[in-house]
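# Notes for the structure review
Each chain, letter by letter, is given below.
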Amino acid sequence: MQHAHSARWIDETSRGSDTICVVLPLDGMCYTRIGQTSGMTAPRKSDGPRGIAMAAAIAPSVRVDAGAAKAEATSAILVVDDVVKRFDTPEGFLTALDHVSLSVAPGEFVGVIGPSGCGKSTLFNVIGGLLDGYEGTVQVAGERMRGPHAAIGMIFQEESTFPWRTVVDNVAFPLEIAGLPKRERYERAQHFVRLVGLDGFERRYPAELSGGMRQRVSMARTLAAQPKILLMDEPFAALDEQTRLLLGDKVLQIQQQLKQTTLLITHNITEAVQLSDRILVMTYRPGRVKRIVDIKLPRPRSSEIVSSEAFGRYVAQIWSDLREEASRGLTDEEARTLREGEDR
Ligand code: ADP
Ligand code: MG
């Protein structure tokens, strides 16, 4: 796994005979790895830093790019070209991504939708450099991506705040790693804390916050590193509906302010239509691009737009695509359950 050779351990801890490390490429994600450094198991997305005190390993390429998305105004900032990713499973090779291509313009917001297991997270992990061994290429601002890179910020559904750091210290973390002087990193951290609406909570610890607020801390921390591209993998899925709506509004506001190039995986069609410039609908296994839908609704998009006729048409179109794929997924599951039943 690329982390093993592109990372330097800053810290690690032991549990029994195992060494446990948290790999934290720049932002919100928190990967744990258990085993000896030489023979680590593949990193698993952790359920947050819960219980494991420890450390981050950062790829040497880490840098904070203040100019983020200002260049390349016309050309694509992200080009995914003909990516095929197969997993070797006990049942044989599984094609998770089958010739997936996608081009994203600077400042664009792309929603990614598809049935469970269709390869959405795999696509993000390929873009974010967390998976290797795939065919095709990923380029960010014309540069071929290999391994975790500071140009890409990721936010996951799982919590990834550090319980031992205050809100502002969480947000300042990637800037600290990037070697920004203390004053500058706190000013910048403070700015992003405010942006996600957490002013007044700077000195609080994650345990004192609600789930939605903690997710906003992760968002601020990832944004503070000023990634060229932000990847959000179902960041709101674990939250209740109300918090989810509020966070969706927050993302809209932030999007308007920062013009941050963003890809968002969500199961929620309304959320996708409200936030996106384009929506990528994926097929169920093997994951292919089924359709890319241009959402030509005016911005800013208030909550009222959700009840408009045009909005409803987009939702219906995407739902019909998705239903087709989801039912293929169900049939697959049913067939397998039946087969397993017969084997018994
Ligand atoms: P999604 O995010 O759309 O739900 P994933 O990208 O997580 O789907 O997974 C796509 C397919 O690849 C699934 O069938 C999943 O079981 C399989 N898969 C994902 N990661 C691995 C892995 N590390 N090893 C084997 N199979 C995997
Ligand atoms: Mg997923």
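The structure under discussion appears in the preceding block.
Structural notes, computed from the coordinates. (Residues numbered from 1 in each chain as written. Chains lettered and ligands numbered in written order. Predicted model: local features only at pLDDT ≥ 70, side-chain atom pairs only at ≥ 80, totals over all residues.)

## Considering the site of ligand 1
Rules: Throughout this description, a residue near a molecule or strand is one whose C-beta atom, derived from the backbone, lies within 6 Å of it. Going along the chain from the N terminus, every DSSP run of H or I of four or more residues is numbered as a helix, and every run of E of two or more is numbered as a strand. Three residue categories are used. Nonpolar comprises Ala, Val, Leu, Ile, Met, Phe, Trp, Tyr, Cys and Pro, charged comprises Asp, Glu, Lys and Arg, and polar comprises the others, including Gly.
Near ligand 1 the following residues occur: Phe 87, Thr 89, Leu 94, Ala 96, Gly 114, Ser 116, Gly 117, Cys 118, Gly 119, Lys 120, Ser 121 and Thr 122. When contributions to the shell around ligand 1 are tallied by element, the ones reaching two or more residues are strand S7 (78–89), strand S8 (92–104) and helix H2 (120–127). If one sorts the elements of the shell around ligand 1 by residue count, H2 sits on top with three residues. Of the residues in the shell around ligand 1, the class split is four nonpolar, seven polar and one charged.

## A few points about the sheet that holds strand S9 (residues 109–113)
Operational definition: Each pair of strands is called paired provided DSSP finds at least two bridges between the two strands. Between N-to-C directions, angles span 0 to 180 degrees; the directions come from axes that are lines fitted to C-alpha atoms, helices contributing only their stretch in contact. C-beta atoms are first placed from the backbone for all residues, and any pair lying within 7 Å is then listed as a contact.
An order of S12-S13-S14-S9-S15-S16 is seen for the six strands of this open sheet, with the pairing classed as mixed. The two strands at the open ends of the sheet, each matched to only one other strand, are strand S12 (152–156) and strand S16 (289–294). Averaged over all pairs of adjacent strands, the angle between strand axes in this sheet comes to 15°, irrespective of strand direction. As paired elements, strand S15 (residues 278–282) and S16 share five bridges and run antiparallel to each other. Residue Arg 278 lies in a different strand from S16, and its bridge partner there is Asp 294. Contacts from helix H5 (residues 211–224) reach S12 and strand S13 (229–233), with the element oriented near 175° to S12.

## Structural notes on H2
Selection criterion: With C-beta atoms placed from the backbone, a residue is buried if 20 or more other C-beta atoms are within 10 Å of its own, exposed if 12 or fewer are, and partly exposed between those counts.
Of all the eight residues making up H2, eight are buried; the element is thus mostly covered by neighbouring parts of the structure. For H2, the full list of buried residues reads Lys 120, Ser 121, Thr 122, Leu 123, Phe 124, Asn 125, Val 126 and Ile 127. Just past H2, the residue Gly 129 takes up positive phi, approximately 80°.

## Here we look at the packing of H5 against helix H6 (residues 241–258)
Note the following rule: Under this scheme an angle from 65 to 115 degrees is roughly perpendicular, one under 35 degrees roughly parallel, and one over 145 degrees roughly antiparallel; angles in between are oblique. Helix crossings fall into two classes, left-handed where the near helix is turned counterclockwise from the far one by less than a right angle and right-handed where it is turned clockwise.
Orientation of H5 relative to H6, taken along the N-to-C sense of each, is 25°, at an axis distance of 10 Å. One element, H5, and the other, H6, form an angle in the roughly parallel class. Here H5 runs over H6; the crossing is right-handed. Residues Gly 212, Gln 215 and Arg 216 of H5 lie in contact with H6, whose contacting residues are Thr 243, Leu 246, Leu 247 and Lys 250. Among the residues forming the contact of H5 with H6, the class breakdown is two nonpolar, three polar and two charged.

## What about the nonpolar core?
Under the convention used in this document: We call a set of buried Ala, Val, Leu, Ile, Met, Phe, Trp, Tyr and Cys residues a nonpolar core when their C-beta atoms link them within 7 Å.
In terms of nonpolar packing, the biggest core is built from 71 residues, with Val 171, Phe 192, Val 193, Ala 220, Ile 229 and Leu 231 touching the most fellow members. Once you skip the residues sitting within four places of it in the chain, Leu 231 turns out to touch Phe 124, Ile 127, Gly 128, Ile 152, Met 154 and Leu 263.

## Focus on helix H4 (residues 182–195)
Inclusion rule: Every helix has an expected span of 1.5 Å times one less than the residues it contains. What the arc measures is the spread of directions leading from the helix axis to the C-beta atoms.
Between its first and last C-alpha atoms H4 spans 20 Å; for 14 residues at 1.5 Å apiece the expected length is 20 Å, and the two agree. Buried within H4 we find Arg 185, Arg 188, Ala 189, Phe 192, Val 193 and Leu 195. Projected onto a plane normal to the axis of H4, the buried residues spread over an arc of 155° and lie on a single side. Once H4 finishes, Gly 197 follows within two positions and takes phi at roughly 80°, a positive value.

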